[in-house]
There are 2 protein chains.
Amino acid sequence: MNKKPNLKDVAKVAGVSAITVSRVLSNPDKVSEKLRTKVEQAVHEIGYIRNHAASALASRRSGVIAVIIPSLSNIVFNDVLQGIYSAVKQHHLQVVLGDCHYSPLEEEKLIATLLSQSPEGFILTGTDQTDYARKLLQQSGIPIVQLMELSDCPIDMNIGFSHFNAGVDITNHLLQKGYRKLGFLGARMDTRTQQRLAGFKKAIADFKQPCQSYVVTTTQSSSIRLGGQLLQAVMAESQGQCDAVFCCNDDLALGALFETKRMNLKVPADIAICGFNDLEASALVEPAITSVASPRYEMGQQAVELLMTASGKDKTHKPPIDVGYRIVERAST
Amino acid sequence: MNKKPNLKDVAKVAGVSAITVSRVLSNPDKVSEKLRTKVEQAVHEIGYIRNHAASALASRRSGVIAVIIPSLSNIVFNDVLQGIYSAVKQHHLQVVLGDCHYSPLEEEKLIATLLSQSPEGFILTGTDQTDYARKLLQQSGIPIVQLMELSDCPIDMNIGFSHFNAGVDITNHLLQKGYRKLGFLGARMDTRTQQRLAGFKKAIADFKQPCQSYVVTTTQSSSIRLGGQLLQAVMAESQGQCDAVFCCNDDLALGALFETKRMNLKVPADIAICGFNDLEASALVEPAITSVASPRYEMGQQAVELLMTASGKDKTHKPPIDVGYRIVERAST
DNA sequence: TTGAAAGCGCTAACAG
DNA sequence: CTGTTAGCGCTTTCAA
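Rules of the game
For every chain, the first residue of the written sequence is number 1, and numbering continues from 1 onward in sequence order. Written order decides the labels, with chains lettered from A and ligands numbered from 1. It should be noted that, the model being predicted, local features are given only for residues of pLDDT at least 70 and side-chain atom pairs only at 80 or more, the latter also being counted only at that level, while totals for whole chains, interfaces and linings use all residues. Side-chain numbers come from the whole structure's heavy atoms, not from hydrogens or water. Runs of H or I in DSSP of at least four residues are treated as helices and runs of E of at least two as strands, each being numbered from the N terminus. A radius of gyration in this sense is built from C-alpha atoms; the matching globule rule multiplies 2.2 Å by the number of residues raised to 0.38. The contact definition used throughout considers only heavy atoms, calling two residues in contact when any of these lie within 4.5 Å. Residue burial considers only the protein chains on display, and all accessible areas are found by Shrake-Rupley using a 1.4 Å probe. The charged-residue count follows a simple rule in which Lys and Arg add positive charge and Asp and Glu add negative charge, with His and chain termini not counted at all. The atoms used to mark charge sites are NZ of Lys, CZ of Arg, CG of Asp and CD of Glu. The aromatic pairing rule takes the rings of Phe, Tyr and Trp, using the six-membered ring of Trp, and pairs them if the centres are within 6.5 Å, calling planes under 30 degrees apart stacked, those over 60 edge-to-face and the rest tilted. Throughout this description, buried means an accessible area under 20% of the type-specific maximum (1.4 Å probe, protein chains only), exposed means over 50%, and partly exposed covers the range between. Axis geometry follows a simple rule: fit a line to the C-alpha atoms, using only the stretch in contact for helices, then measure angles between N-to-C directions, giving values from 0 to 180 degrees. Our angle categories are set so that under 35 degrees counts as roughly parallel, over 145 as roughly antiparallel, 65 to 115 as roughly perpendicular, and the remainder as oblique. Polar here means any residue outside two lists: the nonpolar Ala, Val, Leu, Ile, Met, Phe, Trp, Tyr, Cys and Pro, and the charged Asp, Glu, Lys and Arg; Gly therefore counts as polar. By the convention used here, strands pair only if DSSP detects at least 2 bridges between them. With strands facing away from the observer, any crossover in which the path from the first strand over the helix to the second runs clockwise is taken as right-handed. Summed over both partners, buried area is the accessible surface (1.4 Å probe) that two parts give up on being assembled. Basic side-chain nitrogens of Lys or Arg form a salt bridge, by our definition, when they fall within 4 Å of a carboxyl oxygen of Asp or Glu. Counted as a polar contact is a pair of N or O atoms within 3.5 Å, where, for protein atoms, one must be capable of donating a hydrogen and the other of accepting one, and residues adjacent in sequence contribute only when both atoms are in side chains.

## Notes on the overall build of chain A
When helices and strands are counted, chain A shows 13 helices and 12 strands. Relative to a compact globule of 333 residues, whose C-alpha radius of gyration would be 20 Å, chain A shows 25 Å and is clearly more extended. Principal axes of the C-alpha set define a box for chain A whose edges measure 85 × 40 × 30 Å. Long-range pairs, those at least 24 residues apart, make up 68% of the contacts in chain A with a sequence separation of at least 6. Accessible surface computed for chain A: about 14300 Å², of which carbon and sulfur atoms make up 50%. A distance of 7 Å separates the average location of the 35 positive side-chain charges in chain A from that of its 33 negative side-chain charges.

Here it is as structure tokens:
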């Protein structure tokens, strides 16, 4: 079988020089219509596909942006990813994606690997990168966006919202509704979950009236099933006193809700449930679950836009962008 | 700011030649330990990262595999992706991912784009690629895997299961349970959904006793909410006669189940519900939903293994690999 | 085990 | 608007 066609092969077929073919592919406007159509036909005819490696090497533009998320299975990052992919398409970029499984060390390795692709921008989740990772990123000189949470000392750009404030607000929501024995159900316990928990504790500490709190956490990864188990755990720990739970995400909240049915608890009469992330199911179960919504898709899109507009060279401090969040009150509280 | 360090810079610092540094990175065994450690230190010290484009160009090995899925938001492909990423890690490969939004034309464009990365393998979903796409793929000479469904004339390798058979089986399951007024709820209507529907019709046509069928479909994309709407639609169309629904996926099934509560229908007494894909939630709702399970994660992994073991050159016909499926019977039927 | 030379396929810069 | 030349940073091949 003949080897893959290259620029010269196309040039020969079209009766032009290689550079002209190159221009048709990258700057069609700079080539006369006559030659352009001739070249385009030749390209299609022999099924020519440009060699990205050679192109990137010669032009110093890889057309790639690197993205690292903590988990492929978490729908939350999926939403962000969709935003990223939608924006990337406009800019004719490719995404190289890594899943660091919530591990800064794995993330460090991934950063090194992905940087080798000479990405034109880098999107990271969260703010707890290793020192060496930060060094590599800084040295690369490319624009960087840290997503999801807000940071005091971002590597470069930063867009997200305060999980601490959201934790405070949703806890206050429960307190305002009259609940006084609040449970916190937490899984995974990554930094954002910890911030939500900190918010929970803060709201309780600041509350003027007596109230109880029960914190049940695990480093296991989150799932609906786990939500049921954690509800059992918090009821055990509170000896059945707990009258409201703040679940660190909607998966847990759904599991907790399903478990209440098996336990014959009425929601929200016997126990209130609220979650985080506002998944579709939360709005449709009976009773619908109060949750915290945030513009994930838009965050992903905006991250790409930020990368594209960043000159890359300006080392000026860019203020974090707070996209905010919204407490969606539903029947479960 | 100094430009990014390259091989020569490292070589200078380590006091060796560039090619020796290259060997330390790719074939550490071929370099004496003394030089190797010296080079490794130099690499770490100046934060050197190998230029992938140059490396790929010179070696004709990109270390990349291309993957196209029809939808980033569908959890089903997410599972497959996770399998792919887990396998890819073992082989030190990068994934370049595209989302074709269920469109063969978009897929064709993506294939061209992704082929420009000189991937060493290509994973596609489904079997309805355009002719030009097939030509490009064939011409590329790289191993290709088509995932999810079985094909009579795969481009190269093929791994999946028969959605038609699964549709037949689940429909027969409903018939055996005594239901005679069966509804089919379908969204998106991609090829796999169509095959499930074909199975549904076939089972009904082959059934020896009189029975009714009501097919309600939409090209809208699937969601939980839509499941409720389609249930309403099928009840309207059947004038309340429908006593069982086969939902083309679990999202619709969940939505249908939630809707039954609002309609005051008892499941499975008044109406049976079954889904497809066996999502976690299906097992945990009340009543739990009968569904069709398949080894998605493993399919993803196996696809990568197939690519890696494929010599790439042998044009022998490889028989499709049937990973099978399993009907998980639960309380909803 | 190490190095020197050549070139992968493309595009930037310059020239016509 | 089109072409020529040089070289991107690395690895292959060959030689020492």
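Let's pick the thread back up.
## Describing the packing of aromatic side chains
All names here are of chain B. All told, the structure shown has 14 aromatic pairs over all chains when counted by the stated rule. Between the aromatic rings of Phe184 and Phe246, the centroid separation amounts to 5.3 Å while the plane-to-plane angle is 90°, which identifies the pairing as edge-to-face. A residue pair is termed long-range when its members are at least 10 positions apart, and Phe184 in strand β6 (residues 181-186) and Phe246 in strand β8 (residues 244-247) qualify at 62 residues. Accessibility assignment for this pair places Phe184 and Phe246 in one class, buried. Considering the side-chain rings of Phe200 and Phe246, the 6.4 Å spacing of their centres and the 45° angle between planes classify their relative orientation as tilted. Residue Phe200 is found in helix α9 (residues 191-206), and its partner Phe246 is found in strand β8; the two are separated by 46 residues along the sequence.

## Side note on the packing of helix α3 (residues 33-46) of chain A against helix α7 (residues 131-140) of chain B
The contact between α3 of chain A and α7 of chain B brings their axes to 10 Å, and the two run at 70°. Classified by the angle their axes make, α3 of chain A and α7 of chain B are roughly perpendicular. On α7 of chain B, the residues that touch Val43, His44, Glu45 and Ile46 of chain A of α3 of chain A are Tyr132, Lys135 and Gln139 of chain B. Here the residues of the contact of α3 of chain A with α7 of chain B are counted per class, giving 3 nonpolar, 2 polar and 2 charged.

## Section: the pairing of β6 of chain B
Residue and element names in this part refer to chain B. Among the 6 residues that make up β6, 5 are buried, leaving the element largely enclosed by the rest of the structure. Bridge analysis of β6 against strand β7 (residues 212-217) gives 6 bridges, and the strand direction is parallel. Counted as the bridge partner of Leu185 is Val216 from β7. Read from β6 through α9 to β7, the crossover connection turns out right-handed.

## What to know about the interface of chain B and chain A
Between chain B and chain A, the residue contacts involve 50 residues of the former and 52 residues of the latter. For the pair chain B and chain A, the summed buried surface comes to about 4600 Å²; carbon and sulfur atoms form 57% of the total. At the boundary of chain B with chain A, the tally comes to 2 salt bridges. For the salt bridge of Glu106 of chain B with Lys89 of chain A, the shortest nitrogen-to-oxygen distance reads 3.2 Å. In this structure, the connection of chain B to chain A is made through 20 residue pairs in polar contact (both at pLDDT 80 or more). Its residues assigned to classes, the side of chain B that touches chain A shows 26 nonpolar, 15 polar and 9 charged.

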